[in-house]
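Structural description and commentary
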Protein chains: 2
Amino acid sequence: MIVVKKFGGTSVGTPERIMNVAKRCIEDYNKGNDVVVVLSAMGDSTDDLIALAKQLNPNPPKRELDMLMSTGEQVSVSLMAMAMASLGVRAVSLNAFQVAMHTTHTYGNARLKRIDSERIRHELEDRKIVLITGFQGVNKYDDVTTLGRGGSDTTAVAIAAALHADTCEIYTDVDGVYTADPRIVPNAKKLEEITYDEMLDLATLGAGVLHNRSVELAKKYGVKLIVRSSLNNSEGTIVKEETKLVERMLISGVAVDRNSDRISVIGVKNEPGVAFKIFDVLAKAGINIDVILQSYGQGDTKDISFTLPSDRVDEAVEILNNSTDRLHFERVDVRHDIAKLSVVGAGMMSNPGVAAKMFEALYNANINISMISTSEIRITVLIDEKDAVRGAQAVHDAFGLED
Amino acid sequence: MIVVKKFGGTSVGTPERIMNVAKRCIEDYNKGNDVVVVLSAMGDSTDDLIALAKQLNPNPPKRELDMLMSTGEQVSVSLMAMAMASLGVRAVSLNAFQVAMHTTHTYGNARLKRIDSERIRHELEDRKIVLITGFQGVNKYDDVTTLGRGGSDTTAVAIAAALHADTCEIYTDVDGVYTADPRIVPNAKKLEEITYDEMLDLATLGAGVLHNRSVELAKKYGVKLIVRSSLNNSEGTIVKEETKLVERMLISGVAVDRNSDRISVIGVKNEPGVAFKIFDVLAKAGINIDVILQSYGQGDTKDISFTLPSDRVDEAVEILNNSTDRLHFERVDVRHDIAKLSVVGAGMMSNPGVAAKMFEALYNANINISMISTSEIRITVLIDEKDAVRGAQAVHDAFGLED
């Protein structure tokens, strides 16, 4: 069996933890499996490097920032190889050049294009544990790139796909995927299995266990993911195409996202193409908007509201205000104190009552809904941030997810 | 003009120092020169990485140690590029893969085989300052290697050779090459020029400014070296094939090496081939021995003494003791409290009185000589370590080097 395992920065943050991860991987190796391990940079080392960079240049060139940052994972993999050697197991560390992991040229946010699996296969045939730097790649100029948020997860899934690995285990600080964030909904239950699509919606909506890029990639190549804890040996959650339960649960989870804000563009012309123009200027700046609500429009003007990640709001407002010539609006309003609450589940496709049940639960909890967005397997509502925890609990209870 | 500059770890040890080096390089760039800069890892960062490695494995695999260590120079070059960018100058950092710098496969002590200069030339044509990781290379397996002691100097000289650079400036914490170590001989004088051969003998004999590997390489490819201070703008010392002085100085410098020990192999058989056998077993372990003295031999046995670097003595003694079957000797004696004192100078080839003058100076200072070794441009004597400073001063004075 070929197993790809990914450990994040916290899991390799100290020599002791590196040793623990080494032992855990060797257990699998000793069962006769081919083991490939993808690692992130140690604990805070990336932050330390960024702080050093900022001292020299508050706005460092992205190419050089990637060159700097990529050293972090190289430190992790070489130390891990040493740890494994001290435990009597042969391991070999490989960086992005050595694999090689080819990416697009965009520094700081590159996309994986192609992974050469020859070197990895050769080392596995030689019965070595192969340790690979996560988060990084090489572009067509032979320059180092990094993959942006969730990069190491993406590396692990891509390698699993390239090797046709049997499983790709993503080790985190939680036991698996829950029906809701246990810090918000204390009686949330761990899921045994979940589909890619459900996981995608949960990832996108702020469940925070896996980044959506890695789930998308896993879905595309049919890589079986296992999300599990690096701290204990519990089973974790399997993410795959179809789940085995005959009687599927109506919904698989409740997600809360408090890192979104709402922008309302007030008084735009009530004519076709206005929404397109607004979202076009934002898209050109690489700003993804999310839930959209367009007011019905009374007379000459209407309002368009949408949500977006909090860290892009200032930029979006500036772009809009610089585009008044083209967009013709009265003003821009921003609300920071909002939250998105979602229910996700493949089961809802064939169950029309889900939305009604969710809205009823929120109504009974006296929580106001300001915007609604739906997909085939997801319903998202915008509510006041102060109501987020109560709302999540109410919806979680209404669907009986704690059972 | 193409200029290669090399700065060591101390010169880039803090963000402030990195900024100073950046400014210094930009001065040269602004004169219209093509500037290539080779950097070592920041200050103590290499020691920190080794300490981390030793926590995981007291005897880490050398391949992985090189993988780990090579991150240090990558941090230096990327930070330097950021510093230059903040000063408005385009720079590009390149690691060993990107150059590429091909080496032999020996981890920890690889030799440079070939440098591809295409990428460097391309970036120079684009009017960028090119920043290159010193000390590291890539072997035929695509694995990272390091070059061992003096590695960054060697990188700089090799790149200067590959680019046919006009000069290769080695920046250190001293002003240049002196007639003796100024910490030992206070009235030592800085040399304006010195030949490769003289520098080689000074380097080998512990003057410590340049490693002999880099000088050998410079001599082989005729690279003009300039040894100068990173702390001030003084002229430094030029190292080249022929020096311009018509009336050459008799000797160019006095070198003291206190990092050598003496091993005496007592009571070996007085027959041909004994010395060969001893040095053969040591050579096979990669131990270079230095000054050799073979006693005249009385009766059946004789003694063979030689010097070698202090850090290899324990290993050498162990090897000798494990080879008694083959070597047949009574015992091995070790003396740690010895020093090598040398005078070096191309001028002595045509001046037979140099040795006599040196011995006279030591005799007048009441310093005993236990072994003597000579080459065409060097005379080395072994003396008690306690006499090293007095001896160096006496010889320096006798040749009037302070003038």
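For the structure, check the block above.
Worth saying up front: this structure is predicted, and the values here are computed from it rather than measured. (Residues numbered from 1 in each chain as written. Chains lettered and ligands numbered in written order. Predicted model: local features only at pLDDT ≥ 70, side-chain atom pairs only at ≥ 80, totals over all residues. Heavy atoms only, no water.)

Below, the discussion takes up the packing of helix H9 (residues 274-284) of chain B against helix H10 (residues 313-321) of chain B. Residues and elements named next belong to chain B. It is the contact of H9 with H10, at a shortest axis distance of 10 Å, that shows an interaxial angle of 125°. When the axis of H9 is compared with that of H10, the two are oblique. Here H9 runs over H10; the crossing is right-handed. On the side of H9, the interface is formed by Ile278, Val281 and Leu282, while H10 contributes Ala316, Ile319 and Leu320. Among the residues making up the contact of H9 with H10, the classes are represented as six nonpolar, no polar and no charged. (Axes fitted to C-alpha atoms, helices over the stretch in contact; angles between N-to-C directions. Helix = DSSP H or I, 4+ residues; strand = E, 2+ residues; numbered from the N terminus. Parallel < 35°, antiparallel > 145°, perpendicular 65-115°, else oblique. Left-handed = near helix turned anticlockwise from the far one by under 90°. Contact = heavy atoms within 4.5 Å. Nonpolar A, V, L, I, M, F, W, Y, C, P; charged D, E, K, R; others polar.)

Moving on to the relation of the copies chain B and chain A. For these two chains of identical sequence, chain B goes onto chain A by a turn of 180° and a shift of 0.1 Å along the axis, with RMSD 0.2 Å. Considering both components of the superposition, the chain copies are consistent with a two-fold axis. In terms of proximity to the rotation axis, the leading residue of chain B is Thr71 of chain B, whose C-alpha is 2.7 Å off the axis. Taken together, the interface assignments show that 100% of the residues at the interface of chain B recur at the interface of chain A, consistent with an identical surface on both copies. (Least-squares fit on C-alpha atoms with pLDDT ≥ 70 in both.)

Tallying each qualifying case throughout the model produces 56 salt bridges over all chains. Of the charged contacts, one joins Arg63 of chain A and Asp143 of chain A as a salt bridge, the two residues approaching to 2.9 Å between their closest N and O atoms. Here Arg63 of chain A is found in helix H3 (residues 62-86), whereas its partner Asp143 of chain A is found in the loop between strand E7 (136-138) and strand E8 (144-146), with 80 residues between them in sequence. Between Asp257 of chain A and Lys340 of chain A there is a salt bridge, and its shortest N-O distance comes to 3.5 Å. You can see Asp257 of chain A sitting in strand E13 (residues 253-257) and its partner Lys340 of chain A sitting in strand E18 (residues 338-344), a full 83 residues away along the chain. You'll find Asp257 of chain A and Lys340 of chain A in the same group, each marked buried. One network of salt bridges, in which partners are shared, links Arg63, Glu64 and Asp143 of chain A together with Arg90, Arg119, Glu123, Asp126 and Lys128 of chain B. (Salt bridge = Lys/Arg side-chain N within 4 Å of Asp/Glu carboxyl O. Buried < 20%, exposed > 50% of the residue type's maximum accessible area, 1.4 Å probe, protein only.)

Residue and element names in this part refer to chain B. In space, the four strands of this open sheet follow the order E13-E18-E20-E19, with antiparallel pairing throughout. Unpaired on one side and paired on the other, strand E13 (253-257) and strand E19 (371-375) mark the two borders of the sheet. With strand direction ignored, the average angle separating the axes of adjacent strands in the sheet is 20°. Together, strand E18 (338-344), E19 and strand E20 (378-384) form the strand contacts of helix H12 (residues 354-364), whose direction differs from that of E20 by roughly 20°. (Pairing = 2+ DSSP bridges.)

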